[in-house]
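# Summary of structural features
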Amino acid sequence: MSSILIIDDDTDLCDLMQRCVINEGFTPLVAYNKQEAFTILNDSYSTIHLVILDIMLPDGSGLELLSYIRNNWNFPVIMVTAKDSLEDKVIGLRLGADDYLTKPFNLKELEARITALTRRYRLSSVS
């Protein structure tokens, strides 16, 4: 089973992103806060092919979670956040995000980014 972990506290947006994940042929896993994300990451890391991560979570910063992910795994991470300043984007990318998408965004664009990053991840995992 290949899955994509969505970490965001906006339940409506998570529902929409789950549809994108399914459309791209993956099983969605959803965490609405950092603690749930830690649990899913540690329990299901072997099936995760990509993480979609919001910066502003109710129990802490998604950037801290990004650092944790980078210290433990190499799957791609797309930051999906309302924080749209150049400084926020640079910080996210320098901490290890592979892509950065600001809210609101078009779901077709998210699907295209998922396709591109998972394709690269699969190719680099085979090499």
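Nothing here was measured: the structure is a model prediction, and the numbers come from that model. (Residues numbered from 1 in each chain as written. Predicted model: local features only at pLDDT ≥ 70, side-chain atom pairs only at ≥ 80, totals over all residues. Heavy atoms only, no water.)

## Considerations on the packing of aromatic side chains
Evaluation of the coordinates by the stated rule reveals four aromatic pairs. Look at Phe 38 and Tyr 68: their rings are 4.8 Å apart centre to centre, the planes differ by 85°, and that puts the pair in the edge-to-face class. Here Tyr 68 lies in helix H3 (residues 62–72) and Phe 38 lies in helix H2 (residues 34–44), a separation of 30 residues in the sequence. Judged by its relative accessible area of 25%, Tyr 68 falls in the partly exposed class. A ring pair is formed by Tyr 68 and Trp 73, whose centres lie 5.7 Å apart and whose planes are at 75°; its orientation type is edge-to-face. With a relative accessible area of 16%, Trp 73 lands in the buried category. Members of the aromatic cluster, each reached through a chain of ring pairs, are Phe 38, Tyr 45, Tyr 68, Trp 73 and Phe 75. (Phe/Tyr/Trp six-rings, centres within 6.5 Å; stacked < 30°, edge-to-face > 60°. Helix = DSSP H or I, 4+ residues; strand = E, 2+ residues; numbered from the N terminus. Buried < 20%, exposed > 50% of the residue type's maximum accessible area, 1.4 Å probe, protein only.)

## Topic: the nonpolar core
Formed by 23 residues in total, the largest nonpolar core has its most connected members in Leu 5, Ile 7, Leu 41, Val 51, Leu 53 and Met 79. It is H3 that provides the largest number of residues to this core, a total of four residues. Among residues more than four places away in sequence, those in contact with Val 51 are Leu 5, Ile 7, Leu 41, Ile 69, Phe 75, Pro 76, Val 77 and Ile 78. Counting residues in each nonpolar core, the second largest holds 18 residues, with Ile 4, Cys 14, Phe 26 and Val 30 among its members. (Core = buried A, V, L, I, M, F, W, Y, C linked by side-chain atoms within 4.5 Å. Contact = heavy atoms within 4.5 Å.)

## Some thoughts on the side chain of Thr 47
Here Thr 47 is to be found in the loop between H2 and strand E3 (48–53). Among all residues touching Thr 47, those that are not within four sequence positions of it are Met 1, Ser 2, Ser 3 and Leu 29.

## Details of the sheet that holds strand E1 (residues 3–7)
One open sheet accounts for five strands, arranged E2-E1-E3-E6-E7; its pairing is parallel. At either margin of the open sheet sits one strand with a lone partner, and together these are strand E2 (27–31) and strand E7 (99–102). Neighbour-to-neighbour, the strand axes of this sheet turn through a mean angle of 20°, independent of strand direction. Summarising the sheet, strand E6 (residues 77–81) and E7 pair through four bridges and their orientation is parallel. Across the sheet, Ile 78 pairs through a bridge with Asp 99, a residue of E7. Most of the contacts of helix H1 (residues 11–23) go to E2, to which it runs at about 155°, and overall it touches E1, E2, E3 and E6. Sitting on the sheet, H3 is in contact with E1, E3 and E6, with an inclination near 180° to E6. (Pairing = 2+ DSSP bridges. Axes fitted to C-alpha atoms, helices over the stretch in contact; angles between N-to-C directions.)

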